[in-house]
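Read off the chains here:
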Amino acid sequence: MSTTYQEMKSQYEALKKSLSYLDETYEDLNSVISCGNISKIAFLGCGSSYDIAQSMAQITRTYLQKEACAYPAGDLMLHMERYLPALKGALVVAISRSGSTSELLMTVRKIKKVGSIKVLSIACTEESELSKLSDFTLEMPWAFDESVCQTRTVTCFYAVGLALLAKLGGKKEIIDEINEVVDLGPGYFDRCEKMLRQVAALPWKDVVVLADAELEGIAGEGALAFKEICQIPSNYYHILDVRHGPIVLIRSRTLVIVALSDGNTYEKELVNDILKKGAHVVAFCDRDTELPDEVMKVEFGRDLDHAVRGIPFILICQLLSYYKAVENGTNPDSPDGLDPWIKL
Ligand code: F1P
């Protein structure tokens, strides 16, 4: 069994540990966040970690009604003088599995030189270089993926970030929902695996992932998983935005994975239009959503807050890319020419 598979499969255990670790550290974390006058939050990361940063920025805007943005650390590193004025009054949150990615370290070093900007980090290593530079670091070594492509790691980053922002926003019902999704996770994994293994055997050769709002970043990560794990072309788009050009490239060899919200008519019409192009469609929905028979539905089984849907949704992309790698005889654990983190 590959390392990627074992990491995907053990993600619910790691999620449980990560959420209770957040509870234990919350007071200390909150004292860093609430000291000083923080008017906005800037999330930084590279690759998968940047994808998570994008979702976190949207969740901050929705849950806390606070200004928030996400930057790829490499862009910030190259253009610091352009971005620095916008970071005034910001709390910087740096996300990294390794805590060692060069662009992130160089960027955080430059930010710390300003003096007044607090840096909070989330990493899967202990006592990393990033941790030394930060005012506070959530260190979650149990979520560290050995495989090049992050699976368990990104789910833990997403859930912990979401839970932290829900706590800060006083949204206890969201925390309860996250815990429930994690408890139901192993059963959901088994149901998904059975079905998605068959979907992976269908003759699709490229992938489009569609999702909106808080799911933007995690769905972008879903698309990245296909590039890294089974090495096939993939893209992420906002749901209705796919009509504005990208739909031209959706054909019978395309697998479209869509995260539906609440059975919205516009979303359903789009699914119909995609089916007319002959594409294979996998739709994630809460439950009881009426869709054409050709749509391969993954139902979670209960209603969920939109942001919480990101936790079960990412598993669909992870399992499909893993089983496609198995189908194609590709090693899912270490794509040629990609290191687990980038050292410049
Ligand atoms: C960032 C990252 C990974 C990606 C690849 C290269 O690493 O971009 O997301 O999968 O392996 O490195 P990190 O800063 O999260 O350790």
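The following refers to the structure shown. On a predicted model such as this, the values are computed, not experimentally measured, just so you know.

Next up on the list: the site of the ligand. For the ligand, the set of nearby residues contains 15 residues, the closest of which are S49, S96, R97, S98 and T101. In the model, an oxygen atom of the ligand is placed 2.5 Å from a nitrogen or oxygen of the T101 side chain. With respect to the ligand, the side chain of E228 contributes an N or O atom lying 3.1 Å from an oxygen atom. Within the complex, the protein chains bury 96% of what would otherwise be the 390 Å² of accessible surface of the ligand. A class-by-class count of the residues in the shell around the ligand yields five nonpolar, seven polar and three charged.

What follows is about helix α8 (residues 152–168). An ideal rise of 1.5 Å per residue puts 24 Å on 17 residues; α8 measures up with 24 Å between its terminal C-alpha atoms. The buried fraction of α8 is high, at 15 of 17 residues. Positive phi appears at G170, one or two residues downstream of α8, with a value of about 65°.

A few words now on the pattern of salt bridges. Evaluated as defined, the whole model comprises 16 salt bridges. A salt bridge links D183 to K16, with the shortest nitrogen-to-oxygen separation between them at 2.9 Å. In this pair, D183 sits in helix α9 (residues 172–200) while K16 sits in helix α2 (residues 11–34), placing the two residues 167 residues apart along the sequence. According to the relative accessible area criterion, D183 is partly exposed, its value standing at 48%. On the basis of relative accessible area, K16 is assigned to the partly exposed category, the value being 48%. The shortest N-O distance in the salt bridge between D303 and R287 comes to 3.1 Å.

Conventions we followed
- Residues numbered from 1 in each chain as written.
- Predicted model: local features only at pLDDT ≥ 70, side-chain atom pairs only at ≥ 80, totals over all residues.
- Heavy atoms only, no water.
- Near = heavy atom within 4 Å.
- Polar contact = N/O pair within 3.5 Å; in protein donor to acceptor, adjacent residues only side chain to side chain.
- Areas by Shrake-Rupley, 256 points an atom, 1.4 Å probe, with all protein chains shown as cover.
- Nonpolar A, V, L, I, M, F, W, Y, C, P; charged D, E, K, R; others polar.
- Helix = DSSP H or I, 4+ residues; strand = E, 2+ residues; numbered from the N terminus.
- Expected span 1.5 Å × (residues − 1).
- Buried < 20%, exposed > 50% of the residue type's maximum accessible area, 1.4 Å probe, protein only.
- Salt bridge = Lys/Arg side-chain N within 4 Å of Asp/Glu carboxyl O.

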